[in-house]
Amino acid sequence: MRPIIKLVDFRRTYRNGALEVHAVRGVTLDILPGEFVAVMGASGSGKSTLMNTIGCLDRPTSGRYELDEVDIGELSRDELADLRNTKLGFVFQGFNLLPRTSALENVELPLLYCRPPMSAHEQQERALAALEMVGLSDRADHYPNQLSGGQQQRVAIARALVNEPRVLLADEPTGNLDSRTSVEVMGVFQTLNDQGITIVMVTHELDIASFSKRKVVMRDGLIRTDEVVLSRLHAAEALARLDEEQRAVHLV
Amino acid sequence: MLAILKTALRAIRRNVMRSFLTMLGIIVGIAAVIVGVSMGTGAKAEVERQIASMGNNLVIIFSGNMSRGGVRGGFGMQPNLTERDYDTLRREVTGLAGISPEVRATVQVVAGNQNTSVGVWGVSADFAEIRSWKFQSGENFTETDVRNAAKVCLIGKTTATSLFGEGIDPVGQTISIKNSPVTVAGWLASKGANTFGQDQDDIIIMPYTSVMKRLSGDTKFRAFSAAATGPEVMNDVTNQVAAILRQNHQITPDKEDDFSIRSQQEMSDFFNANNRVMTVLISAFAGISLVVGGIGIMNIMLVSVTERTREIGIRLAVGARARDVLRQFLIEAVLLSIVGGALGILAGYWLAPLLTKFAGFPTLISTESVLLAFSVSAIIGVVFGFFPALKAANLDPIDALRYE
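Procedures and definitions
Residues numbered from 1 in each chain as written. Chains lettered and ligands numbered in written order. Predicted model: local features only at pLDDT ≥ 70, side-chain atom pairs only at ≥ 80, totals over all residues. Helix = DSSP H or I, 4+ residues; strand = E, 2+ residues; numbered from the N terminus. Rg over C-alpha atoms; globule rule 2.2 N^0.38 Å. Buried ≥ 20, exposed ≤ 12 C-beta atoms within 10 Å, placed from the backbone. Contact = placed C-beta atoms within 7 Å. pLDDT = per-residue confidence, 0-100. Axes fitted to C-alpha atoms, helices over the stretch in contact; angles between N-to-C directions. Parallel < 35°, antiparallel > 145°, perpendicular 65-115°, else oblique. Left-handed = near helix turned anticlockwise from the far one by under 90°. Nonpolar A, V, L, I, M, F, W, Y, C, P; charged D, E, K, R; others polar. Expected span 1.5 Å × (residues − 1). Arc of directions from axis to C-beta. Pairing = 2+ DSSP bridges. Domains from an automatic or database assignment. Core = buried A, V, L, I, M, F, W, Y, C linked by C-beta atoms within 7 Å.

Some remarks on the overall build of chain B
- Within chain B, the regular secondary structure consists of 13 helices and 10 strands.
- Here the C-alpha radius of gyration of chain B, 32 Å, is well above what a compact globule of 404 residues would show, namely 22 Å.
- In chain B, which comprises 404 residues, the proportion classed as buried is 42%.
- A separation of at least 24 residues holds for 82% of the contacts in chain B among residues at least 6 apart in sequence.

Written out as structure tokens, the structure is:
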């Protein structure tokens, strides 16, 4: 199987005046279709830079990055935008939904920019289908401030899914969520992954990383460990256990 | 496209007060454009109406040189146009449809127990035709009346109203001018005010012979009114008149004319030039206001771009190209300015009639001025919205997403 994400000696250097900051110093990484990778590391380890590049928001200073066999070092800003639009879906820590805009319209957002343009009717249908996948079709006309954190993150996931991307990129997707909602979001990710979507997720929480299939740890701009997750958690079981514990202390 | 428009509308609605204040500059500017242009067109139409009310292909010959020494003496102090000049001109100038001398006297006129002070014009029978006087009732006096210095007159609407009351036909009545009875032969249709704002209907017209002999004692004319047979012979007529008068007045080639000739075209040019000055002034005001308004829009769009940096980041991340973001903010700026423009047009529609009502300026709102105002406001949106939109489009998606 050919890797969907292929990094070869990827380096990224930021220039800050006379100072050169080597954020990533030579990373070689293959991610195959259907993988669920957790990228871990302390802040400053280069994981965000890595994610930005994988997300086609940034380009390598040197080395190669191929997304779905396309070398992005050669692409223009607009071509990168098209790649983000068609092959990638983003989920952010802060949800990043547009305020005063309904859940449905938020999910429709990527469809506004697809080429050729899609009819308003089709946009709405696909957005509704995406909301259905994350179990929020009954909240389509709610505004972000009327939704809980977990629901907002699920709207964001629906937005990431609406273009049927090859890869879902999640940057600290549970960073702003409580433990139970975090597990719910991981449940959504595992279901999507089972359906064949490749997921790359940045997290600094070990237990969240345990829901993935592969764990990559970065430090000082290099990959330190890259291993298969052995004792993988399953969201459904974890939820059941949480419920039990919470019932024990009469939380629910 | 619809979605972009929706987003733009939402952005404007989110901050109604701010949007309105931003638009205010454009509203004022566009209203000024509408009012200014309407004053220009209104004044031009008014001048045209007034000039037309003076007559067709009119040439007026004044006694005295009006341009000498920069003094516009108006109607010559010392009338020097003679009966002989009149006869020669009438006989010898080709291309004349009619010619009439003019003498004037201001006298007290009495009818029954009413009296009024009125300017009496002494003219020939051609005069009514030359100056486009229409008759409400009755008819013009004749050349025989002129020869006989008959005691007949034509009476203007205002004068008739003062003497006989509103809407009463004075034809056949007798009025007393300097204690001699004068029969009213014709009732003149109204002409309204002239370019100087004088009421042209406060007038009595009599044969010039009658005025000279019975009222003023003048022996010379202050002016001649002549009508050419068509616009193409105006110059020719003017030249002939000048030649004859110079000959009659024995003016040697090294001397200046002792008379002045004004054609209708010159008069209308003169007044239109005045109006143009006014229009240019108002356009300058409107232009300044529009530039200020445009800067206001640019300012608020820059604020909006900064406020919505994160939104821009999200849009870029999900695949918006730079030009998509550019278009979105440009449309927002244009929407602001054309809504402002539309409000300005409404304000102009409301203000122009007020100006006519309270300041007496004639105004006329033309479709062209509305279209002009609308396109100007759209152009302002594009011009002043471009820089902020470009700023938004050139944001780096990573920085924009991280922006707090």
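Structural notes on the confidence of the model for chain B
- Mean pLDDT over chain B stands at 87; residues scoring 70 or higher make up 97%.
- pLDDT under 50 marks residues 69-76 of chain B. Its contacts with residues more than four places away, or in other chains, come to 10 contacts.

Thoughts on the packing of helix α11 (residues 322-359) of chain B against helix α12 (residues 367-393) of chain B
Residues and elements named next belong to chain B.
- Put simply, α11 and α12 touch, their axes get as near as 7 Å, and they point 150° apart. Judged by the angle between their axes, α11 and α12 are roughly antiparallel. Here α11 runs over α12; the crossing is right-handed.
- Taken together, the residues that form the contact of α11 with α12 break down as 23 nonpolar, 7 polar and 1 charged.

As for helix α8 (residues 234-248) of chain B
Residue and element names in this part refer to chain B.
- Between its terminal C-alpha atoms α8 stretches 21 Å, which fits the 21 Å expected from 15 residues at 1.5 Å a residue.
- The set of residues buried in α8 consists of Val-237, Val-241 and Leu-245. Down the axis of α8, the buried side of the element spans an arc of 60°, and every buried residue falls inside it. Of the exposed residues in α8, those oriented more than 90 degrees away from the buried face are Asn-239, Ala-243 and Gln-247.
- Those residues of α8 that are buried are in contact with β1 (58-63), α3 (83-92), β2 (96-111), β9 (223-228) and β10 (259-263).

Things to note about the packing of helix α5 (residues 149-161) of chain A against helix α6 (residues 179-194) of chain A
All names here are of chain A.
- Put simply, α5 and α6 touch, their axes get as near as 10 Å, and they point 20° apart. Comparing their axes, α6 and α5 come out roughly parallel. At the point where α5 passes α6, the crossing takes the right-handed sense. Counted together, Gly-149, Gly-150, Gln-153, Arg-154 and Ile-157 of α5 and Thr-181, Glu-184, Val-185 and Val-188 of α6 form the full contact between these two elements.
- In terms of residue class, the contact of α5 with α6 is built from 3 nonpolar, 4 polar and 2 charged.

Some thoughts on the sheet that holds strand β7 (residues 167-171) of chain A
Residue and element names in this part refer to chain A.
- With mixed pairing, 6 strands are arranged side by side in an open sheet as β6-β7-β8-β3-β9-β10. At either margin of the open sheet sits one strand with a lone partner, and together these are β6 (88-91) and β10 (222-228). Sheet twist, expressed as the average angle between the axes of neighbouring strands with direction ignored, equals 15°.
- Pairing analysis gives 4 bridges linking strand β3 (residues 36-41) to strand β8 (residues 198-202), with the strands arranged parallel. Paired with Val-37 across the two strands is Val-200, which belongs to β8.

Digging into the interface of chain B and chain A
- Opposite the 19 residues of chain B that make contact, chain A presents 18 residues.
- Contributions of two or more residues to the side of chain B that touches chain A are made by α1 (2-14), α10 (309-317), α11 and α13 (397-402) of chain B.
- Considering each element in turn, the side of chain B that touches chain A owes the most residues, 6 residues, to α10(B).
- The residue makeup of the side of chain B that touches chain A, split by class, is 11 nonpolar, 1 polar and 7 charged.

A closer look at the domain arrangement of chain B
- According to the domain assignment, chain B consists of domain 1 (2-49 + 269-402) and domain 2 (81-257).
- Measuring from the centre of the C-alpha atoms in domain 1 of chain B to the corresponding centre in domain 2 of chain B gives 54 Å.

Here's the deal with the nonpolar core
- Formed by 120 residues in total, the largest nonpolar core has its most connected members in Val39(A), Val107(A), Ala158(A) and Ile199(A).
- When neighbours within four sequence positions are excluded, Ala158(A) is seen to be in contact with Val107(A), Ala130(A), Leu131(A), Met133(A), Val134(A) and Leu136(A).

Side note on the environment of Gly55(A)
All names here are of chain A.
- One can find Gly-55 in the loop between α1 (47-54) and β4 (62-67).
- On a C-alpha basis, the gap between Gly-55 and Arg-15 in space is 21 Å, while along the polypeptide they are 40 residues apart.
- Residues contacting Gly-55, with those up to four places away along its chain left out, are Arg-84, Leu-88, Phe-90 and Leu-169.

Here we look at unusual backbone geometry
Residue and element names in this part refer to chain A.
- With an omega of 0°, the peptide bond running from Arg-115 to Pro-116 counts as cis.
- Within the secondary structure, Pro-116 is located in the loop between α3 (103-112) and α4 (120-133).
- Unlike most non-glycine residues, Glu-164 shows phi in positive territory, near 50°.
- Relative to the elements of secondary structure, Glu-164 occurs in the loop between α5 and β7.
- Since 12 C-beta atoms lie within 10 Å of it, Glu-164 is described here as exposed.
- Despite not being glycine, Asp-220 has its phi angle at roughly 50°, a positive value.
- With respect to the element layout, Asp-220 can be found in the loop between β9 (214-219) and β10.
- Residue class for Asp-220 comes out partly exposed when judged on the 14 C-beta atoms lying within 10 Å of it.

What to know about the pairing of β1(B)
All names here are of chain B.
- The element β1 is extensively covered by neighbouring structure, given that 6 of its 6 residues are classed as buried.
- Along β1, one buried face is formed by Leu-58, Ile-60 and Phe-62 and the opposite face, lined by Val-59, Ile-61 and Ser-63, is buried too.
- Relative to β9, β1 runs antiparallel, the two sharing 5 bridges. Counterpart to Leu-58 in the pairing with β9 is Ala-227.

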